[in-house]
Amino acid sequence: MSPSAAAPSARQTELLEAAYRYVLAHGLADLSLRPLATAVGSSPRVLLFLFGSKDGLVRALLARARADELAILDPLRGPGEPIGLPAATERVWAWLAAAGHRPLLRLWAEAYARSLVEPDGPWAGFARATVEDWLAVLAACQPPAERDTGSGATRRTLALAVLRGALLDLLATDDEPRASAAVRHHLALLDG
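I will try to describe carefully the structure that is included in this document. Every chain is numbered on its own, with residues counted from 1 as its sequence reads. Given that the model is predicted, a residue must reach a pLDDT of at least 70 before its local features are reported, and side-chain atom pairs must reach 80 or more before they are shown or counted; all residues, however, enter totals for whole chains, interfaces and linings. The side-chain quantities take in all heavy atoms of the structure and omit both hydrogens and water.

## Comments concerning the side chain of Arg-64
Part 1 of the reasoning: Segments assigned H or I by DSSP are reported as helices when at least four residues long, segments assigned E as strands when at least two residues long, and all are numbered from the N terminus. Checked against the element boundaries, Arg-64 lands in helix α4 (residues 54-73).
Part 2 of the reasoning: Polar contact is the term for a pair of N or O atoms within 3.5 Å; when the atoms are in protein, one must be able to donate a hydrogen and the other to accept it, and sequence-neighboring residues count only if both atoms are side-chain atoms. A polar side-chain atom of Arg-64 sits 2.6 Å from a polar atom in the side chain of Glu-17.
Part 3 of the reasoning: Any two residues whose heavy atoms approach within 4.5 Å are treated as being in contact. If near-sequence neighbours (up to four positions away) are discounted, Arg-64 is found in contact with Glu-17 and Tyr-20.

## Focus: helix α3 (residues 44-51)
For an α-helix, the turn length of 3.6 residues means that residues three or four places apart are oriented alike.
Part 1 of the reasoning: Every buried residue of α3 is listed here: Leu-47, Leu-50 and Phe-51. Seen end-on, α3 carries its buried residues on one side only, within an arc spanning 80°. Facing away from the buried side of α3 by more than 90 degrees, the exposed set consists of Arg-45 and Phe-49.
Part 2 of the reasoning: On its buried side, α3 packs onto α1 (10-26), α2 (33-40) and α4.
Part 3 of the reasoning: Two residues or fewer past α3, Gly-52 is found with a positive phi of approximately 85°. For every residue, the accessible area (1.4 Å probe, protein chains only) is compared with the maximum for its type, and the residue is labelled buried under 20%, exposed over 50%, or partly exposed between those bounds. By definition, the arc is the one covered by directions from the helix axis to the C-beta atoms.

## Observations regarding the environment of Trp-123
Part 1 of the reasoning: Examined against the element boundaries, Trp-123 turns out to sit in the loop between α6 (102-117) and α7 (126-141).
Part 2 of the reasoning: Note: C-alpha distance between Trp-123 and Ala-145 (22 residues apart in sequence) is 36 Å.
Part 3 of the reasoning: In this structure Trp-123 touches Leu-28, Val-58, Leu-62, Ala-111, Arg-114, Ser-115 and Glu-118, once residues within four positions along its chain are discounted.

## Structural notes on empty space enclosed by the protein
In this approach the atoms are scanned with a rolling probe the size of a water molecule, which exposes any empty space left behind.
Part 1 of the reasoning: In this analysis, the protein atoms alone were mapped onto a 1 Å grid. Cavities are point sets where a 1.4 Å probe fits without being able to get out; pockets are open sets with protein on both sides within 12 Å along at least five of seven lines; lining residues have an atom within 4 Å of a point. Grid points are joined across faces, edges and corners, and a volume is the space filled by probe spheres set on the points. This model, assessed by the stated rule, comprises two cavities of 30 Å³ or more.
Part 2 of the reasoning: A volume near 80 Å³ is recorded for the largest cavity.
Part 3 of the reasoning: Residue lining of the largest cavity: Ala-65, Glu-69, Ile-72, Leu-73, Val-92, Trp-95, Leu-96, Leu-104, Leu-105, Trp-108, Phe-126 and Trp-134, and that is the complete set.
Part 4 of the reasoning: Of all the elements in the fold, those that place two or more residues in the lining of the largest cavity are α4, α5 (85-97), α6 and α7.
Part 5 of the reasoning: Take the lining of the largest cavity: its biggest share by element is four residues, from α4.
Part 6 of the reasoning: Taken together, the residues of the lining of the largest cavity sort by class into eleven nonpolar, no polar and one charged.
Part 7 of the reasoning: Estimates place the volume of the second largest cavity at around 60 Å³.
Part 8 of the reasoning: Surrounding the second largest cavity, Leu-96, Trp-108, Tyr-112, Thr-130, Val-131, Trp-134, Leu-160, Leu-163, Arg-164 and Leu-167 form its lining. Amino acid classes used here: Ala, Val, Leu, Ile, Met, Phe, Trp, Tyr, Cys and Pro are nonpolar; Asp, Glu, Lys and Arg are charged; the rest, including Gly, are polar.

## Some thoughts on the packing of α4 against α6
Part 1 of the reasoning: Between α4 and α6, the least distance of the axes is 11 Å, while the angle of their chain directions is 120°. Relative to α6, α4 is oriented oblique. The chirality of how α4 crosses α6 is left-handed. Between α4 and α6, the contacting residues are Leu-62, Ala-65, Asp-68, Glu-69 and Ile-72 on the first element and Leu-104, Leu-107, Trp-108 and Ala-111 on the second.
Part 2 of the reasoning: Tallied by class, the residues present in the contact of α4 with α6 amount to seven nonpolar, no polar and two charged. Comment: axis = line fitted to C-alpha atoms, over the contacting stretch for helices; angle = value between 0 and 180 degrees taken between N-to-C directions. Any angle that is under 35 degrees is reported as roughly parallel, and any over 145 degrees as roughly antiparallel; angles of 65 to 115 degrees are reported as roughly perpendicular and all others as oblique. Should the near helix be turned anticlockwise from the far one by less than a right angle, the crossing is left-handed, and should it be turned clockwise, the crossing is right-handed.

## Observations concerning unusual backbone geometry
Part 1 of the reasoning: With phi around 60°, Asp-30 is a residue other than glycine that occupies positive phi space.
Part 2 of the reasoning: By the secondary structure assignment, Asp-30 is in the loop between α1 and α2.
Part 3 of the reasoning: With relative accessibility at 76%, the residue Asp-30 sits in the exposed group.

So, in structure tokens, the structure goes:
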């Protein structure tokens, strides 16, 4: 069994968190173990030992980013009556549009795109998994009578497409008012 397959040690967890902060600031493109190791107070050898390989480290970082993503989305599935697709979409957009979340969202966009163009790399399946995660959360927010229909699936797919498109536009332009206006327009159509 590789070191990364066992329960993580305290040192592995500590280094993963430090590496995660590093990639939030610097991205994954051109990630080199030597500068990363220096930044996190370790050595390339220790990182390779703890994560098995550079790809293993990247997979661990993507899993860490996905955990943050799910932590954002999971409260929408709270107990009680589902909040509805318009309210869920509005809450997700409010979080996505907040300037303080841009580092995580840039990392998400980078991993999503790399997953599409390098499907066999450490990114394998990242884009598909995040789409499935987000659709599952949006489905949980729909009342059962809507959720379990073809129309309900179409509505949540459209909501996700609008959120993802507006997010990519926001990351590219930093024009939050325009992107938010587009999402609000979509919400009016969802309510209608």
